[in-house]
Amino acid sequence: MNRAQRTRLTGWANTAPTGAEVSRPDDVEELAGSLGLDAPRGLIARGLGRSYGDPAQNAGGLVVDATRVSGITDLDITGGRVTALAGTSLDDLMRWLVPLGWFVPVTPGTRQVTVGGAIASDIHGKNHHKAGSWCDAVEAITIVTPAHGRRRITPADDPELFWATAGGMGLTGVILDATFRLNRIETSLLSVDTDRTPDLDTTLALLEHGDADYEYSVAWLDLMAKGTSMGRSILGRGRFATLDELSARQRRHPLAFHSTTLATAPKVVPPRLINPLTIRAFNEAWFRKAPKRARGQIHGITEFFHPLDLVDRWNRLYGRTGIVQWQFVIPLDAVDELRTIIGELSASGHPSFLTVLKRMGPSNPGPLSFPIEGWTLTFDVPAHGAALGPLLDRLDRRVVESGGRIYLAKDSRMDPDLLPAMYPRLDEWLAVRRSVDPKQQIMSDLARRLRLS
Ligand SMILES: Cc1cc2nc3c(=O)[nH]c(=O)nc-3n(C[C@H](O)[C@H](O)[C@H](O)COP(=O)(O)OP(=O)(O)OC[C@H]3O[C@@H](n4cnc5c(N)ncnc54)[C@H](O)[C@@H]3O)c2cc1C
């Protein structure tokens, strides 16, 4: 293991930096031994740092960067089951598995997340309404906890610890590896239907009535559009294409997958590059670029799932003050509240080019797992402006009153007093955390901020 080095860390949002000793275990045995290291302020595992806020930071303590502990240790190539080390990125998994005809069960909007991070946030993707979240596909996790050491847990033999770890933000132990199911694909291309909607009502109606027909579905909202155009969107919905849907040229390498970036965002950008003027222009162009209605267009994996990955370090474009990403989910029947919230965000004028709306399917048994059956909205804006904090505080309360919650992997700012109402099974989760970590050896900035101990 490399000697721990004092490092300044942030999440992807580049807000609330804190310093920690960062160790980088070279293999799984070193990762497993992390809990034996001298760490008076506790330790937390870290993946690729793609959480927006502070779950993978530990001010003044130890952070264990698991990204060198990467690779596939077992693959059932006929049954579609893989065991991967905790630091393996989804990008690597796709580069290895897509050419073999397998795809990860769930992918977020970036491939640059690790298996450990996917479990700890119980990540969801465009297929949540059909397939659930990441941990629904996980069959076993190897985890080290302070109280019980190294154990292999499954949903059947240790449901409490398994489901407390799913979405548990790394606070139940250090994950070493996981075994999960894969999805069979005939090609690496997707057959995509696009609909450009003129307003929010049409967006909601299409999501409500059409999602069942699609494996993957999401709507990008132009939040800068006002008046009768408020909530206009581009709906992109699809599924992996079959071989016979490809052209002769595409059929030559039907499972090809290239993980590429086109550019890297510069370290220094003009101040306030992202402002209402630039984002209004960007959104207008993005909206017009999409076809009004298209059926069966063939898209690549990056184009459909991960367009942001084309620009490495795109978070720098938000400048030194960073990003606030706000994501909530509210039950399906709270659709009027959803309209009100979207209306308020739009009227506020905060410049957002990453506002995404999706209908989620049923939740899983994880007490801290974010998804519930309902509407989820992701809203991404520069972290400045005195009005932003009070606006989001007020909207947090409305979300809670509607029976909804905020996604911890994206949060950097919410009031900890709201957490028990958002996650009604919080006490159950805390009991498991205390039983596996009675001395609170596992600790993070998020855990301190939200009193998850
Ligand atoms: C552009 C972008 C798009 C995104 N889109 C989505 C999306 O569509 N859906 C979604 O659900 N999320 C999305 N996310 C969030 C992201 O998927 C999650 O935050 C994910 O957890 C990040 O994984 P990571 O490996 O970077 O983990 P980190 O951010 O480094 O850590 C996240 C959590 O995982 C824990 N952790 C990491 N490794 C281990 C380990 N070995 N053992 C125990 N705990 C561990 C950490 O302690 C921390 O609590 C997006 C993020 C970005 C930047």
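Residues numbered from 1 in each chain as written. Predicted model: local features only at pLDDT ≥ 70, side-chain atom pairs only at ≥ 80, totals over all residues. Heavy atoms only, no water.

Caption draft 1: Structural context of the site of the ligand. Near the ligand there are 34 residues, and of these A45, R50, T114, H124 and Y407 occur at the shortest range. For the ligand, an oxygen atom lies 2.7 Å from a polar atom in the side chain of T114. The contact in question runs from a nitrogen atom of the ligand to an N or O atom on the backbone of I175, over 2.9 Å. Elements with a contribution of two residues or more to the shell around the ligand: strand 3 (43-46), helix 3 (115-120) and strand 10 (174-181). Residue composition of the shell around the ligand, grouped by class: 19 nonpolar, 12 polar and 3 charged. In terms of domain composition, the shell around the ligand takes at least three residues from each of domain 1 (72-185) and domain 2 (190-415). (Near = heavy atom within 4 Å. Polar contact = N/O pair within 3.5 Å; in protein donor to acceptor, adjacent residues only side chain to side chain. Helix = DSSP H or I, 4+ residues; strand = E, 2+ residues; numbered from the N terminus. Nonpolar A, V, L, I, M, F, W, Y, C, P; charged D, E, K, R; others polar. Domains from an automatic or database assignment.)

Caption draft 2: Representation of the side chain of D158. Within the element layout of this structure, D158 appears in the loop between strand 9 (149-153) and helix 5 (159-165). Judged by relative accessible area, D158 falls into the buried class, the value being 11%. Among the polar contacts listed, one links the side chain of D158 to the backbone nitrogen of L161, at a separation of 3.2 Å. What D158 contacts, discounting residues up to four positions off in sequence, is R151 and I153. (Buried < 20%, exposed > 50% of the residue type's maximum accessible area, 1.4 Å probe, protein only. Contact = heavy atoms within 4.5 Å.)

Caption draft 3: Local environment of the sheet that holds strand 19 (residues 355-360). Judged by pairing direction, the sheet is antiparallel, and its 8 strands sit side by side in the order 16-12-14-13-19-20-18-21 without closing on themselves. Edge positions in the open sheet fall to strand 16 (293-299) and strand 21 (405-406), since each of these has one partner strand only. Strand direction decides the pairing type here: strand 12 (residues 190-197) and strand 16, joined by 5 bridges, are antiparallel. Of the residues in strand 16, the one forming a bridge with V192 is Q297. (Pairing = 2+ DSSP bridges.)

Caption draft 4: Seen up close, the domain arrangement of the chain. Under the domain assignment, the chain is made up of domain 1 (72-185) and domain 2 (190-415). A straight line from the C-alpha centre of domain 1 to that of domain 2 covers 24 Å. Contacts between the two partners involve 35 residues from domain 1, matched on the other side by 35 residues from domain 2. Buried area between domain 1 and domain 2, both sides added, is near 2,900 Å², and the carbon and sulfur share of it is 60%. On the domain 1 side of the interface with domain 2, the three residues burying the most area are R111, K126 and H129, jointly 26% of the side's total. The interface formed by domain 1 and domain 2 holds 0 salt bridges in total. Here domain 1 is connected to domain 2 by 20 residue pairs in polar contact (both at pLDDT 80 or more). (Buried area = accessible area lost by both parts, 1.4 Å probe. Salt bridge = Lys/Arg side-chain N within 4 Å of Asp/Glu carboxyl O.)

Caption draft 5: A look at the pattern of salt bridges. Considering all chains together, one arrives at 32 salt bridges under this definition. Across the salt bridge formed by D76 and R81, the nearest N and O atoms sit 3.5 Å from each other. Several salt bridges converge on common partners, so that one network encompasses D193, D195, D211, R237 and R295.

Caption draft 6: Region of interest: the sheet that holds strand 5 (residues 72-76). In spatial order, the strands read 5-6-10-8-9; together these 5 strands make up an open sheet with antiparallel pairing. The open sheet is flanked by strand 5 and strand 9, the only strands paired with a single partner. Taking each pair of neighbouring strands and ignoring which way they run, the sheet shows an average axis angle of 10 degrees. Direction of pairing for strand 8 (residues 138-145) relative to strand 9: antiparallel, over a ladder of 5 bridges. (Axes fitted to C-alpha atoms, helices over the stretch in contact; angles between N-to-C directions.)

Caption draft 7: Focus on the pairing of strand 10. Most of strand 10 is tucked away: 7 of the 8 residues are buried. Sheet topology note: the strand 6 (residues 81-85)/strand 10 ladder contains 5 bridges and is antiparallel. Each residue of the ladder has a partner; that of A84, found in strand 10, is A178. By the bridge criterion, 6 bridges tie strand 8 to strand 10 in an arrangement that is antiparallel. Each bridged residue has a counterpart across the sheet, and for V138 the counterpart in strand 10 is F180.

Caption draft 8: Local environment of a nonpolar patch on the surface. Together, L75, I77 and L100 line one region of the surface with nonpolar side chains, adding up to about 220 Å² of accessible area. Among the secondary structure elements, L75 is positioned in strand 5. Its relative accessible area of 31% is what places L75 among the partly exposed residues. (Patch = residues over 30% accessible without salt bridge, like charges linked within 9 Å, V, L, I, M, F, W, Y side chains within 5 Å. Areas by Shrake-Rupley, 256 points an atom, 1.4 Å probe, with all protein chains shown as cover.)

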